[in-house]
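Listed below are the residues making up each chain.
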Amino acid sequence: MALSPIIICLLTLIGYGSSHPSPPRGCSVDVDPPYRVLCDLESVWGVVLEAVACSGGVTSLFLAVLLLVKLRSISDPARRSGLGPLLLLLGTLLGLFTISLAFLVGKNQALCVVRRAFWGPLFALCFSSLLVQGVRLRRLVAGKLSPSGSTLAALGLALALVQGIISAEWVLLTVVREGHPACEYPPLDFALTCSYTLGLLLIAMGLSLGVVLCGGELAADGGGSGEEDREGESEKRRWKCNAVWLFLSSLASALLWVAWLGFYLYGSQALRGKGKRGGGQKDAKVLDEPALAVALVIQGWILLLLHAIPEMHLCLRKPPQTNTQDFFDTSNTSPPPHFGDDLPAHSHRPFPENQAFSMEERSATLRSGTYHGSHGSVRPGIAFRGQMPTAPINYTGRRLW
């Protein structure tokens, strides 16, 4: 009879363990089951994807702060015009990496609304930033003035607002009006709502490719010198370098979207069909959410590595020094070289009209060997042989007694 309390305790523990399964390795008991994918070390892909997303968010925040600190050191208007779209892109990438974590956790009504409402607008902000950068580079390569950074950022926000309206209407019509669950939606509908975003990406890629291949004609003034032409060509090559990075980021993003849409619309459907025939439809459907999370993280790092970091480097680096000398700049004038003693102030003073005799009279007197004093007396002089030496340059024309 003494064993009955022990048996009762063991049965209680077994029943508690069967009703509350033990958490996976790496997660504590306090973590809810929908969020255990973020700490489950047995399925390590969730932890790796979370670490990559967090590192991307921290990198975006660091670059945005560094750009704001270095903002005053950029005085060139052409370079400052690209800072507005760049800051908009970095802020959007921070939100993109953050929302990717919402696709890793379990589903509920609030999380599904957040996913559907923010997926399209965040991508539209990223691609509209690329588009306005393409417009800016096209004008700069053509030798024209670029709009200011705030104007370009406002244009990017206005373009992304269209996608925000589309996503909001889709959620309101399907969830609020028709009463469908927010987590249940056809994959084709989700892809069609992002068609405007894909259009922004294709326009940005076309603009950047046009700048790289065709460029623009420099503004013809009709009288440009050779130095000005060389300087203009150097600026044109620098802006084309920015366009090359913009095209690479747009091309990589387009390839990622083609791969993601192909898997999301056709590959996932094929896996669902196999799962239905094999009785594992639930397991096949689980692949949709991780595919969206992976697409978000890869897209964020593509834009970070191929556009944000190169564009920031090209904006912050110092422009090359030109070798042309400005002859009208008197800020650093050097004193003229001294070829002899300084002349007195009265060396070029004109001779007075009432002087005693002129230079010709003095030369004739010296040749004759006589000199007339002030009292009219004639004094003997020494006759010069040969050519008479000329007067010194500082001779004033009268003798100082």
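Look above for the structure.
A. Seen up close, the overall build of the chain. Each helix and strand in the chain was counted, giving twelve helices and two strands. Within the chain, the proportion of its 401 residues that are buried is 35%. Counting only contacts in the chain whose residues sit at least 6 apart along the sequence, the fraction spanning at least 24 positions is 77%. By element, 64% of the accessible surface of the chain is carried by carbon and sulfur atoms, the whole surface being about 24,900 Å².

B. Local environment of the pattern of salt bridges. Taken as a whole and judged by the stated rule, the model has two salt bridges. Its salt-bridge partner being arginine 136, residue glutamate 311 comes within 3.3 Å of it at the nearest N-O pair. Of this pair, glutamate 311 sits in helix H11 (residues 288-316) while arginine 136 sits in helix H5 (residues 109-141), and the two are 175 residues apart along the sequence.

C. Region of the structure containing the nonpolar core. Grouped together as the largest cluster of nonpolar side chains are 62 residues, with contacts concentrated most on Leu93, Trp119, Phe127, Phe190, Trp257, Trp260 and Leu292. At the level of secondary structure, the elements contributing two or more residues to this core comprise helix H2 (45-69), helix H4 (83-100), H5, helix H6 (149-177), helix H7 (187-192), helix H8 (195-213), helix H9 (226-278) and H11. Considering each element in turn, this core owes the most residues, twelve residues, to H5. By size, the runner-up hydrophobic cluster in this structure holds five residues, among which are Cys112, Val171, Ala182 and Cys183.

D. Representation of the packing of H4 against H5. Contact geometry for H4 and H5: axes closest at 9 Å, N-to-C directions at 155°. In terms of orientation, H4 lies roughly antiparallel with respect to H5. Viewed along their axes, H4 and H5 form a crossing whose handedness is left-handed. Between H4 and H5, the residues in contact are Pro85, Leu86, Leu88, Leu89, Thr92, Leu93, Gly95, Leu96 and Ile99 and Val114, Phe118, Trp119, Leu122, Phe123, Leu125, Cys126, Ser129, Val132 and Gln133, respectively. Considering only residue class, the contact of H4 with H5 consists of 15 nonpolar, four polar and no charged.

E. Representation of the packing of H4 against H6 within the structure. Two elements in contact, H4 and H6, have axes whose closest approach is 6 Å; the angle formed by their N-to-C orientations is 45°. The orientation of H4 relative to H6 falls into the category oblique. Here Gly84, Pro85 and Leu88 of H4 lie close against H6, whose contacting residues are Gly149, Leu152, Ala153, Gly156 and Leu157.

F. Representation of the environment of glycine 91 within the structure. Along the chain, the position of glycine 91 falls in helix H4. Distance in space between the C-alpha atoms of glycine 91 and serine 60 is 7.2 Å, their sequence separation being 31 residues.

G. The arrangement of H6 in detail. The end-to-end C-alpha separation of H6 is 40 Å, in line with the 42 Å expected for 29 residues at 1.5 Å each. Every buried residue belonging to H6 is among Gly149, Leu152, Ala153, Gly156, Ala160, Gln163, Ser167, Trp170, Val171, Thr174 and Val175, and all of these are buried. Considering only its buried residues, H6 is in contact with helix H3 (77-80), H4, H5, H7 and H8. Positive backbone phi, at 75°, marks glycine 179, one or two positions downstream of H6.

The rules behind these values
- Residues numbered from 1 in each chain as written.
- Predicted model: local features only at pLDDT ≥ 70, side-chain atom pairs only at ≥ 80, totals over all residues.
- Heavy atoms only, no water.
- Helix = DSSP H or I, 4+ residues; strand = E, 2+ residues; numbered from the N terminus.
- Buried < 20%, exposed > 50% of the residue type's maximum accessible area, 1.4 Å probe, protein only.
- Contact = heavy atoms within 4.5 Å.
- Areas by Shrake-Rupley, 256 points an atom, 1.4 Å probe, with all protein chains shown as cover.
- Salt bridge = Lys/Arg side-chain N within 4 Å of Asp/Glu carboxyl O.
- Core = buried A, V, L, I, M, F, W, Y, C linked by side-chain atoms within 4.5 Å.
- Axes fitted to C-alpha atoms, helices over the stretch in contact; angles between N-to-C directions.
- Parallel < 35°, antiparallel > 145°, perpendicular 65-115°, else oblique.
- Left-handed = near helix turned anticlockwise from the far one by under 90°.
- Nonpolar A, V, L, I, M, F, W, Y, C, P; charged D, E, K, R; others polar.
- Expected span 1.5 Å × (residues − 1).

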